[in-house]
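Secondary and tertiary structure notes
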Amino acid sequence: QVHVVESGGGLVQPGGSLTLSCTVSGSDFSLYGGNWYRQAPGKQRDLVATITSGGSTDYADSVNGRFTISRDSAKKMVYLQMNGLKPEDTAVYYCNAFVGPTVWARTSYWGQGTQVTVSS
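In what follows, the accompanying structure is described. (Residues numbered from 1 in each chain as written. Predicted model: local features only at pLDDT ≥ 70, side-chain atom pairs only at ≥ 80, totals over all residues. Heavy atoms only, no water.)

A few words on the pairing of strand S11 (residues 114-118). Taking every second residue as pointing to the same face, the buried face of S11 carries Thr114, Val116 and Val118, while none of Gln115 and Thr117 on the other face is buried. Relative to S11, strand S2 (residues 10-12) runs parallel, the two sharing 3 bridges. The partner of Gly10 across the bridge, within S11, is Val116. Pairing of strand S9 (residues 91-100) with S11, which is carried by 3 bridges, proceeds in the antiparallel orientation. (Buried < 20%, exposed > 50% of the residue type's maximum accessible area, 1.4 Å probe, protein only. Helix = DSSP H or I, 4+ residues; strand = E, 2+ residues; numbered from the N terminus. Pairing = 2+ DSSP bridges.)

Below is the structure:
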């Protein structure tokens, strides 16, 4: 009964910033990392950022240098700090959290998404 909920989306002007939060609840298991994806209208869901159980990060070329993924395992949260937002960043952003009793038994769970709209 793991639940993953994204929050923090909204309307922001180009060049602005938003921080998305991904909250894991409904489980005593640990959070080991996760991914942020986004899906714009008419496009597939694309991987934006990854953070591993060890804290290593990776980013899509389109957001590298502007976005930062992080996690707070104690709070069971994954964050995506988005700076220098562009209209092309407009999409529904989804969290895919890695949760499990151990890092090797972890399973990914999807949130429902949060809308980010970058427009003047």
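The next point concerns the nonpolar core. Among the nonpolar cores identified, the biggest contains 28 residues, and Trp36, Phe67, Leu80, Met82 and Tyr93 are the most heavily contacted of them. Looking at this core, the elements with two or more residues in it are strand S3 (18-25), strand S4 (30-39), strand S5 (46-51), strand S7 (67-72), strand S8 (77-82), S9 and S11. The element that contributes the greatest number of residues to this core is S9, accounting for 5 residues. Look past the residues within four positions of Phe67 in its chain and what remains in contact with it is Arg38, Val48, Tyr59, Leu80, Gln81, Met82, Asn83, Leu85, Asp89 and Tyr93. (Core = buried A, V, L, I, M, F, W, Y, C linked by side-chain atoms within 4.5 Å. Contact = heavy atoms within 4.5 Å.)

Next up on the list: the sheet that holds strand S1 (residues 3-7). Strand order in the open sheet formed by 4 strands is S1-S3-S8-S7, with antiparallel pairing between adjacent strands. Two strands close off the open sheet at either side, each with one partner strand: S1 and S7. On average, adjacent strands in this sheet sit at an angle of 15° to one another, irrespective of strand direction. (Axes fitted to C-alpha atoms, helices over the stretch in contact; angles between N-to-C directions.)

Okay, the packing of aromatic side chains next. Taken as a whole, this structure holds 1 aromatic pair when the rule is applied. Ring centres of Tyr37 and Trp110 lie 4.9 Å apart, and the angle between their planes is 55°; this geometry places the pair in the tilted category. Highlighted residues: Tyr37 in strand S4 and Trp110 in strand S10 (residues 107-110), separated in sequence by 73 residues. According to the relative accessible area criterion, Trp110 is partly exposed, its value standing at 41%. Of note, Arg106 hangs over the ring of Phe98, and the distance from its end group to the ring centre comes to 5.8 Å. (Phe/Tyr/Trp six-rings, centres within 6.5 Å; stacked < 30°, edge-to-face > 60°. Lys NZ or Arg CZ within 6 Å of the ring centre and 35° of its normal.)

The topology assignment puts Asn35 in strand S4. A distance of 2.9 Å separates the side chain of Asn35 from the side chain of Thr50, its partner in a polar contact. With sequence-adjacent residues up to four places away left out, Asn35 is seen in contact with Leu47, Ala49, Thr50, Tyr94, Cys95, Asn96 and Phe98. (Polar contact = N/O pair within 3.5 Å; in protein donor to acceptor, adjacent residues only side chain to side chain.)

Scanning all chains against the criterion turns up 1 disulfide. Covalently, Cys22 is tied to Cys95 through a disulfide, its sulfur atoms 2.0 Å apart. Judged by the sign of its S-S torsion, about -75°, the bond between Cys22 and Cys95 is left-handed. Placement of Cys22 in strand S3 and of Cys95 in strand S9 is noted, with a sequence separation of 73 residues between them. For the pair Cys22 and Cys95, one class covers both residues: buried. (Disulfide = S-S within 2.5 Å.)

What follows concerns the side chain of Thr50. Within the secondary structure layout, Thr50 lies in strand S5. Under the relative-accessibility criterion, Thr50 is labelled buried at 18%. When sequence neighbours within four positions are dropped, the list of residues in contact with Thr50 reads Gly34, Asn35, Ser56, Thr57, Asp58 and Ile69.

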